[in-house]
Amino acid sequence: MSEQLQSDFDKLVKTSKFSNEEIEFKKNFLKNFIKNGFPNRKQEDWKFLDISQIIKKNISDLSFFNDYSQSNKIDPSILVDGLEHNKIIFINGKIEKIDFNLEDQNKIQIIDETKKDILFDYENSLIDLNSAFSDKIFKIIVKKDYSLKKPLIIYHSTDDKIKSTNINLRLNFELGENSCLKLIDYFTNTTAKNFINIFYNFNLEKDSILKNYKVDKFRNNNLKYSFNNIEQGNNSVSETFILSAGSDYFKNEINCNLNGEYSSAFVNGIFSLKENQQHEIRTTINHLVENTKSYQLIKSVLGKNSKSAYQGRIFVNSKAQKTDGYQLSKAILLDETSEFNAKPELEIYADDVKCSHGSASGSLDENSIFYLMSRGLNYQQSKELLINGFLMDVVEKITDVEIKNLIKNIIGLKE
Amino acid sequence: MDTREKDIEKLKDYKYGFTTDIENIKAPKGLNEDVIKFISNIKKEPQWMLDFRLKAYERLKILKEPNWQKPKYPKIDYQDLYYYSAPKSMKDKPKSLDELDPKLLETYKKLGIPLQEQARLNGIAVDAVFDSVSVATTFKGELTKHGIIFCSMSEAIQKHPDLVKKYLGTVIPVTDHFFATLNSAVFTDGSFVYIPEGVKCPMELSTYFRINASETGQFERTLIIADKGSYVSYLEGCTAPMRDENQLHAANVELIALDDAEIKYSTVQNWYPGDENGKGGIYNFVTKRGLCKGKNSKIAWTQVETGSAITWKYPSCILKGDNSIGEFYSIAITNNHQKADTGTKMIHLGKNTKSKIISKGISAGFSDMTYRGLVDINSKAKNSSNYTQCDSLLMGNKCGAHTVPYIKNKNFDSNIAHEATTSKISEEQLHYCQQRGLNPEEAVGLIVNGFCKEVLQQLPMEFAVEAQKLVGISLEGSVG
């Protein structure tokens, strides 16, 4: 694989417009990735779903080269209707459009950060891969005291032109003091076997609010990995919602550092999986100072041959007294071939804390089905009603009404 | 001075910190084929046993020491250990208690288990292990009447080779992980229990382990077989003398329950935990595994872990028979610089299998405590269920409490529920107790005992009292 990586990298350098300095930078990341390769089950974080095996099985001829000099046509049919929004359109590995026309232009700044190093410790070779092969890296800055009027939707889209390719996207965000950003990641991939690797870095200043909704609803054969690193200042709030349903493989990783007092992090997720899908959510919430709070709720509904995994870790530093941490994961297994794995982890070094986790998995409650059927619903309807109710719980956690309705529409959940 | 204070006084100078001055026969230092042959030879073992050991040794050569655990320890030089040592006066085994070396008897007296008295008064058969060779087995007569075999492992190899051959290594194979395989290669002695079909063992069986000679790894091997419809409750209590260097204890315990049989295995472990600076202490790396082989069988582990510098063990149940039940009750207390990484594995293979895990962890001082557990429900284990509860209590902000459960559900008919909480003793509770006249230490003792109650009540009477005291003593000085 290392020869291919090297030759694909050389091709990338030839076709792109990177400066020499940027190329040197990327070379370092490439070197790291060649050394470590794809993560595998020997690493604790990849125990349940081994990405190196999954890639081998699904994409035998993975290529890392992506021609950033070619532009792609935007297909307007992918755009979300009925909600005014700002756009970043990302097609076949390339950002085709950044559009903040609905906002005050003085309050939003976009800068090139290709040369910026990654500022936190990570043991994740996929971030090296991302940094080596991604295009120009942009940072989006929301200035002090500005709340975006409309949400930002990032479209992640691939079409038939691209196949068996590794696509990398990296974006940095900075939310100034008392600012607010609502961000929707919207995946509309047609069925091609690509490996999509997304890395976001968020920096939340004092009193800022980040709401990130990841919607992967439409069935496709891509493999996806997404990593969010969130640094939080005093009194900041981050809310992450993950709908994990469309891709063959999708692993969402959230690493959240609560660096400021009274900061809080919320992670809510839904797995709704059908045939042969394998999805995972892994969260790490680091409570580093006093009076921080985190809340996580993950629910799975698992169909035939599907597999979901949830690894949630709450870390509480010895300084972080008065921490409030909570994790709950629930799963409904619909078929004898479905599988649910969980590893809810607590690592606590402070004594005045309130931390708990719960995990439950099982089949649909026959008594409830009986109850509904005795009131005139058929078996299928009762089942759907129960599943809807089970998942609705998570959707209801979304704090933005407009987006909540949008997501309800996308999922097809009825109240 | 009331009894409580006396207990504290005793603890300050570790009560069991003495060395019995008996000349030892030692195998040459180091680990190699010759040492294994030496051990096998001195114990007059048959060829198949030696082959078993050598097979394990072959495997050991390619195995690596695991290093995924939370408590790290300095590298152990396995070539720098003695793998066999026996009190010399044991060369010609005594026929009865009266023939025992008076010094040995004295040791047990200090330990609080005078053999004769214990045997007569408590009605417990004690298979006392002094370093590596069983000293004496009491209450044999009573047990023989029921057809129960309770003897040392070496005796079982001589007298009941069929049983040993049939079951040894079936739950913990020679090709298991590093420490289990090490044990298979060099184990010295241990207990062997066989309960025949339909017999309910009339008394609690008990072993007191004791590590004595300096620089001796203790490699116990225990095998308990409960035949169809039988019941046995086995107690294991441990103490070790004070030593500066760390000592390795890598025992293997195998339990096998056939149809309708039940095994209850209780442990109270208060080995030397090292001094308050974390110097010395025992490394307790034990492999304990039970196999519910038959239908409707049941295995219950109960453990109270208060000692050892590092405790690293996961008493597990493999629920193979349909309708079998596995239970795990644990209290782990760490103080000063102690570290524990303990929990259980419940592997559901049969239909309608049930398991329950109750784990209580208490950490104080600079200690670190990890609950690590696995619940794995196989796709064939229809209609199985598991309930897990693990609670941690922290005292002070220099210690750590961690929970790492692995949950794997591959069966849609099965239910798994897991709950965990971490908290400290609330000011309100303390205030309430103190208001009613208890001093702070008593109040903490009371609250902690309440916290542990669910586990303590699983212990047999004799142990429950001792364990309750131990819980209080282990936490002395941590309230402040």
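In every chain, residue numbers begin from 1 and rise along the written sequence. Numbering of ligands from 1 and lettering of chains from A proceed in the order in which they are written. Per-residue local features of the predicted model are confined to residues with pLDDT of at least 70, and side-chain atom pairs are confined, for both listing and counting, to 80 or more; whole-chain, interface and lining totals are unaffected and use all residues.

(A) Up close: the overall build of chain B. Segments assigned H or I by DSSP are reported as helices when at least four residues long, segments assigned E as strands when at least two residues long, and all are numbered from the N terminus. The helix and strand tally for chain B stands at 12 helices and 25 strands. Across chain B, the fraction of contacts at a sequence separation of at least 24, relative to all contacts at a separation of at least 6, is 83%. In this description, a residue-residue contact is defined by the distance between C-beta atoms placed from the backbone, which must lie within 7 Å.

(B) Molecular detail of the overall build of chain A. If you tally the helices and strands in chain A, you get 7 helices and 19 strands. Rg of the C-alpha trace for chain A: 21 Å, near the compact-globule value of 22 Å for 415 residues, within the 12% margin. Overall, the C-alpha framework of chain A stretches about 70 × 45 × 45 Å when taken along its three principal axes. To sort residues by exposure, count the other C-beta atoms lying within 10 Å of each residue's C-beta; 20 or more gives buried, 12 or fewer gives exposed, and values between give partly exposed, all with C-beta atoms placed from the backbone. Residue burial in chain A is summarised as follows: out of 415 residues, 48% are buried. Taking contacts inside chain A between residues at least 6 apart in sequence as the whole, the part at least 24 apart equals 83%. In this description the radius of gyration comes from C-alpha coordinates, and the expected globular size is given by 2.2 Å times residues to the power 0.38.

(C) Molecular detail of helix H7 (residues 401–411) of chain A. Residue and element names in this part refer to chain A. Along H7, the positions that sit buried rather than exposed are Ile403, Leu406 and Ile407. Burial along H7 is one-sided: seen end-on, the buried residues are contained in an arc of 95°. Lining the buried residues of H7 we find strand E7 (180–189), strand E9 (209–216), strand E11 (237–244) and helix H6 (379–395). Note on H7: the residue one or two positions beyond its end, Gly412, has a positive phi of about 85°. By definition, the arc is the one covered by directions from the helix axis to the C-beta atoms.

(D) The interface of chain A and chain B, seen in detail. Chain A puts 31 residues into the contact, and the matching count from chain B is 31 residues. Of all the elements in the fold, those that place two or more residues in the side of chain A that touches chain B are strand E18 (339–348) and strand E19 (354–362) of chain A. At 10 residues, E18(A) tops the list of elements feeding residues into the side of chain A that touches chain B. We call Asp, Glu, Lys and Arg charged. Ala, Val, Leu, Ile, Met, Phe, Trp, Tyr, Cys and Pro are nonpolar, and the rest, Gly among them, are polar. The residue makeup of the side of chain A that touches chain B, split by class, is 12 nonpolar, 10 polar and 9 charged. Bridge analysis of E19(A) against strand E25 (residues 415–424) of chain B gives 7 bridges, and the strand direction is antiparallel. Note that in E25(B) the partner of A:His357 across the bridge is B:Ala420. Two strands are said to pair when DSSP picks up at least two bridges between them.

(E) Broad picture of the environment of B:Met49. Residue and element names in this part refer to chain B. Relative to the assigned elements, Met49 resides in helix H3 (residues 47–62). Taking the C-alpha atoms as reference points, Met49 and Ala257, separated by 208 residues in sequence, lie 23 Å from one another. Those residues in contact with Met49 that lie beyond four places of it in its chain are Ser40 and Ile157.

(F) Expanded view of the pairing of strand E6 (residues 191–195) of chain B. All names here are of chain B. A large share of E6 lies buried, amounting to 5 of its 5 residues. Across the two faces of E6 the burial is the same, with Ser191, Val193 and Ile195 and Phe192 and Tyr194 all buried. Pairing geometry for strand E5 (residues 149–152) and E6, over 4 bridges, is antiparallel. Looking at the pairing, Ile149 lines up with Tyr194 of E6. Strand direction decides the pairing type here: E6 and strand E8 (residues 221–226), joined by 4 bridges, are parallel. Across the sheet, Ile195 pairs through a bridge with Ala226, a residue of E8.

(G) Highlighting the packing of helix H2 (residues 33–42) of chain B against H3(B). Residues and elements named next belong to chain B. Contact geometry of H2 with H3 gives a least axis separation of 10 Å together with a crossing angle of 155°. Looking at the two axes, H2 sits roughly antiparallel to H3. Classified by chirality, the crossing of H3 by H2 is right-handed. Judged by residue contacts, Glu33, Ile36, Lys37 and Ser40 of H2 engage Met49, Leu50, Arg53, Leu54 and Tyr57 from H3. Classifying every residue of the contact of H2 with H3 gives 5 nonpolar, 1 polar and 3 charged. Lines are fitted to the C-alpha atoms to define the axes, a helix being fitted only along its stretch in contact, and any angle between axes, read from their N-to-C directions, falls within 0 to 180 degrees. In what follows, roughly perpendicular refers to angles from 65 to 115 degrees, roughly parallel to angles under 35, roughly antiparallel to angles over 145, and oblique to any angle outside these ranges. A crossing counts as left-handed when the near helix is turned anticlockwise from the far one by less than a right angle, and as right-handed when that turn is clockwise.

(H) How the structure looks around the confidence of the model for chain B. Residue and element names in this part refer to chain B. In predicted models, pLDDT denotes the confidence assigned by the predictor to each residue on a 0 to 100 scale. Residues at a pLDDT of 70 or more form 77% of chain B, whose mean pLDDT is 79. Per-residue pLDDT, averaged within each element of chain B, yields its smallest value for helix H5 (residues 115–122) (43) and its largest for strand E20 (residues 345–348) (95). Across residues 88–95 the pLDDT falls below 50, and counting only partners more than four positions away or on other chains, this stretch makes 10 contacts in the model. Across the interfaces of the predicted complex, the ipTM metric reaches 0.84, alongside a pTM of 0.84.

(I) Inspection of the packing of helix H1 (residues 2–15) of chain A against helix H2 (residues 20–36) of chain A at higher detail. All names here are of chain A. Contact geometry of H1 with H2 gives a least axis separation of 11 Å together with a crossing angle of 165°. The pairing of H1 with H2 is recorded here as roughly antiparallel in orientation. H1 and H2 meet at a crossing whose hand is right-handed. Every residue of H2 that contacts H1 at Ser2, Leu5, Phe9 and Val13 is listed here: Ile23, Leu30 and Ile34. A class-by-class count of the residues in the contact of H1 with H2 yields 6 nonpolar, 1 polar and no charged.

(J) Main features of the environment of A:Ala245. Residue and element names in this part refer to chain A. Residue position: Ala245 is located in the loop between E11 and strand E12 (249–258). Ala245 sits 178 residues away from Asp67 along the chain, and the two C-alpha atoms are 29 Å apart. Excluding anything up to four places from it in sequence, Ala245 contacts Asp216, Lys217, Ser272 and Leu273.

(K) Local environment of unusual backbone geometry. Residue and element names in this part refer to chain B. Its identity is not glycine, yet Asn296 carries a phi of approximately 55°, on the positive side. Along the polypeptide, Asn296 turns up in the loop between strand E14 (287–292) and strand E15 (298–305). Overall, Asn296 belongs to the partly exposed group, with 18 C-beta atoms counted inside 10 Å. Look at Asn383: it is not a glycine, yet its phi comes out positive at around 60°. Tracing the backbone shows Asn383 in the loop between strand E22 (368–377) and strand E23 (385–395). You can call Asn383 partly exposed: it has 15 C-beta atoms within 10 Å.

(L) Representation of H2(B). All names here are of chain B. All buried positions along H2 are accounted for by Val35, Ile36, Ile39 and Ser40. Angularly, the buried residues of H2 cover 135° about the axis, an arc narrow enough to put them on a single face. Among the exposed residues of H2, those oriented more than 90 degrees off its buried face are Glu33, Asp34 and Asn41. Its buried side turned inward, H2 meets H3 and helix H9 (178–186). Following H2 by one or two positions, Lys44 adopts a phi angle in the positive range, close to 50°.

(M) Spotlight on the environment of B:Tyr329. Relative to the helices and strands, B:Tyr329 resides in strand E18 (residues 325–334). Excluding residues within four positions of it along the chain, B:Tyr329 makes contact with B:Thr302, B:Ile358, B:Val455 and B:Gln458.

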